[in-house]
Amino acid sequence: QVQLVESGGGLVQAGGSLRLSCAASGSFFRIGVMGWYRQAPGKQRELVAYITDGGLPRYTYSAKGRFTISRDNTQNTVVLEINSLRPEDTAVYYCAAKQGPGSIDESDSWGQGTQVTVSS
């Protein structure tokens, strides 16, 4: 079982930056793909970015250009850096991971979420 714990959320002014971190712990053989989702008030959870165990990042259209995802396999951590924050980035950000092979859509571990609030 993998436990994911996020950190780094908070209140920031528009135009600012944030660095979200997610650390995996527990008993597992290998973590495959890891990624970040977000859920804004009144909206469905959406994928923001993910990164393969080989370090290949992928971004959704809304995340391209301002979001950077990275991971450290030795520490079992994944980081999401967000620049030029906008009020519409306000959401709860969730870390997700899949043990072994599979896609981000098949994530079987989730963090508790970290709130990001962007003021205008």
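Along each chain, numbering runs from 1 in the same order as the chain's sequence is written. Selection of residues for local features in this predicted model requires a pLDDT of at least 70, selection of side-chain atom pairs for listing and counting requires 80 or more, and totals for whole chains, interfaces and linings are taken over all residues. Side-chain descriptors were evaluated using all non-hydrogen atoms of the structure, hydrogens and water having been removed beforehand.

So, about the state of the cysteines. Note on disulfides: each one is a pair of cysteine sulfur atoms within 2.5 Å. Using the criterion set out here, one finds 1 disulfide in the structure. Paired by a disulfide, Cys 22 and Cys 95 hold their sulfur atoms 2.1 Å apart. The sign of the S-S torsion, about -80°, decides the handedness of the disulfide formed by Cys 22 and Cys 95: left-handed. Separated by 73 residues along the polypeptide, Cys 22 in strand E3 (residues 18-26) and Cys 95 in strand E9 (residues 91-99) bring together distant segments of the chain. Considered together, Cys 22 and Cys 95 belong to a single accessibility category, that of buried residues. Numbering goes from the N terminus for both helices and strands, where a helix is a DSSP run of H or I of at least four residues and a strand is a run of E of at least two. Buried, partly exposed and exposed residues are distinguished by accessible area as a fraction of the type maximum, computed with a 1.4 Å probe on protein chains only: under 20%, between the cut-offs, and over 50%, respectively.

Let's shift gears to the environment of Ala 97. Examined against the element boundaries, Ala 97 turns out to sit in strand E9. On a C-alpha basis, the gap between Ala 97 and Ser 107 in space is 5.0 Å, while along the polypeptide they are 10 residues apart. With sequence-adjacent residues up to four places away left out, Ala 97 is seen in contact with Leu 4, Ile 31, Val 33, Met 34, Ser 107, Asp 108 and Ser 109. Contact definition: two residues touch when any of their heavy atoms are within 4.5 Å.

Attention now goes to the pairing of strand E1 (residues 2-7). Burial along E1 is one-sided: Val 2, Leu 4 and Glu 6 are buried, while Gln 3, Val 5 and Ser 7, pointing the other way, are not. Note on pairing: two strands pair once DSSP finds at least 2 bridges between them. Bridge count between E1 and E3: 6 bridges; the pairing is antiparallel. Pairing of Val 5 across the sheet is with Ala 23, part of E3.

Right, let's get into the pattern of salt bridges. Here, a salt bridge means any Lys or Arg side-chain nitrogen found within 4 Å of an Asp or Glu carboxyl oxygen. Within this structure, the stated rule accounts for 5 salt bridges. For Arg 30, the salt bridge goes to Asp 53, with nearest N and O atoms at 2.3 Å. Separated by 23 residues along the polypeptide, Arg 30 in the loop between E3 and strand E4 (31-39) and Asp 53 in the loop between strand E5 (46-51) and strand E6 (57-59) bring together distant segments of the chain. Given the relative accessible area of 33%, Asp 53 is considered partly exposed. Among the salt bridges present, the one from Asp 108 reaches Lys 98, with a minimum N-O distance of 3.8 Å. With Asp 108 in the loop between E9 and strand E10 (109-110) and Lys 98 in strand E9, this pair connects stretches of sequence that are 10 residues apart. Of the residues examined, Lys 98 reaches a relative accessible area of 14% and is grouped as buried.

What follows deals with the packing of aromatic side chains. Planes of paired rings set the category: under 30 degrees apart is stacked, over 60 is edge-to-face and the rest tilted, where pairs are Phe, Tyr or Trp rings (Trp by its six-membered ring) whose centres lie within 6.5 Å. Applying the stated criterion across every chain, the model contains 1 aromatic pair. A centroid spacing of 4.9 Å and a plane angle of 55° characterise the contact between Tyr 37 and Trp 110, whose relative ring orientation is tilted. With Tyr 37 in strand E4 and Trp 110 in strand E10, this residue pair connects regions lying 73 residues apart in the sequence. Under the relative-accessibility criterion, Tyr 37 is labelled buried at 9%. Above the plane of the ring of Tyr 94 lies Arg 45, whose end atom (NZ or CZ) is 3.9 Å from the centre. Consider the ring centre and the ring normal. A charge sits over the ring if Lys NZ or Arg CZ is within 6 Å of that centre and within 35 degrees of that normal. Its guanidinium or amino end placed over the ring of Trp 110, Arg 45 lies 4.8 Å from that ring's centre, counting from NZ or CZ.

In this structure, Asn 76 is a non-glycine residue whose phi angle is positive, near 55°. With respect to the secondary-structure elements, Asn 76 resides in the loop between strand E7 (67-72) and strand E8 (77-82). By relative accessible area, Asn 76 is classed as partly exposed at 24%. In this structure, Ser 84 takes a positive phi of about 50° despite not being glycine. With respect to the helices and strands, the residue Ser 84 is situated in the loop between E8 and E9.

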